[in-house]
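# Architecture and fold: a report
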Amino acid sequence: MNLIPANQMDMKKVEQFLEKNEGINKASLVRAGYVVEVSGEIVGCFSLETMEEGIYWLKQLYINQTNASKLPVLLEAILTLAKQQQAKSVYVHSHQPVVDILLEALQFHPQKEKMFVDKYKRDEGNWWLYHVS
């Protein structure tokens, strides 16, 4: 599994991936995102956007159904990438109970009334925080 900055990837491959997977914000992906490549094929993507110095928001995390079993490995790779970028904290806004279970298993902490959560309010789903060490 390779994590490649989307803006360094062949745009034809990115476009083909986006055509098959609607709902992914291309501008955000190209600006702050990465594609997940397995055996030369893009199978997923995510954006790791800087919110404040050392604070990142993991957005648009997607992996196709065929590779869904690799999601825990992908999340760990994303956290390693965040650490390389000198991140102190990574926030995630989860919309699915199965992702909540995975985030909890990876030592993310649920958030209720923190400054970041209030600043970027979302009505549905749960906010999680990971302290990068």
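Read on for a plain summary of the structure. (Residues numbered from 1 in each chain as written. Predicted model: local features only at pLDDT ≥ 70, side-chain atom pairs only at ≥ 80, totals over all residues. Heavy atoms only, no water.)

### Overview of the pattern of salt bridges
Convention followed: Salt-bridge detection follows one rule: a side-chain nitrogen of Lys or Arg within 4 Å of a carboxyl oxygen of Asp or Glu. For the purposes of this entry, the term helix denotes a DSSP run of H or I that reaches at least four residues, the term strand denotes a run of E that reaches at least two, and both are numbered from the N terminus. Each residue is placed in one exposure class: buried if its accessible area under a 1.4 Å probe, protein chains only, is under 20% of its type's maximum, exposed if it is over 50%, and partly exposed if it falls in between.
Applying the stated criterion across every chain yields a total of four salt bridges. Between glutamate 49 and arginine 31 there is a salt bridge; the shortest N-O distance is 2.9 Å. Here glutamate 49, found in strand S3 (residues 41-52), pairs with arginine 31, found in helix H2 (residues 26-32); they are 18 residues apart in sequence, far enough to count as distant. Residue lysine 59 pairs with glutamate 49 through a salt bridge whose shortest N-O separation is 3.8 Å. Placement of the pair is lysine 59 in strand S4 (residues 55-63) and glutamate 49 in strand S3, with a sequence separation of 10 residues. Look at glutamate 49 and you get buried, because its relative accessible area is 11%. Salt bridges linked by common partners bring Arg31, Glu49 and Lys59 together as one network.

### Section: the side chain of aspartate 100
Selection rule: Within this scheme the basic residues Lys and Arg register as positive and the acidic residues Asp and Glu register as negative, but His and the chain ends are omitted. Any pair of nitrogen or oxygen atoms within 3.5 Å is treated as a polar contact; in protein, a donor-acceptor pairing is required on top of that, and neighbouring residues in sequence qualify only through side-chain atoms on both sides. We call two residues in contact when some of their heavy atoms are within 4.5 Å.
By secondary structure assignment, the location of aspartate 100 is in helix H4 (residues 97-105). Of the side chains bearing the opposite charge, lysine 112 lies closest to the buried aspartate 100, which forms no salt bridge; the N-O distance is 9.1 Å. Within the local environment of aspartate 100, its side chain forms a polar contact with the side chain of asparagine 126, the two groups lying 2.7 Å apart. If near-sequence neighbours (up to four positions away) are discounted, aspartate 100 is found in contact with Ser94, Asn126 and Trp128.

### A look at the nonpolar core
Under the convention used in this document: Joining through side-chain atoms within 4.5 Å is the link that ties buried Ala, Val, Leu, Ile, Met, Phe, Trp, Tyr and Cys residues into a set, and such a set is a nonpolar core.
The biggest cluster of nonpolar side chains holds 27 residues, and the ones touching the most others in it are Phe46, Leu48, Leu58, Val90 and Phe108. Secondary structure elements with two or more residues in this core: strand S2 (33-38), S3, S4, helix H3 (71-84), strand S5 (89-94), H4 and strand S7 (126-131). Of the residues forming this core, the biggest block, seven residues, is contributed by H3. Excluding anything up to four places from it in sequence, phenylalanine 108 contacts Leu79, Val90, Val92, Leu103, Trp128, Leu129 and Tyr130.

### Notes on the environment of glycine 44
Within the element layout of this structure, glycine 44 appears in strand S3. Residue glycine 44 is classed as buried on the basis of its relative accessible area of 0%. The sequence separation of glycine 44 and alanine 105 amounts to 61 residues, and the corresponding C-alpha distance is 21 Å. In contact with glycine 44, not counting residues within four places along its chain, are Phe17, Tyr34, Val35, Val36, Tyr62 and Ile63.

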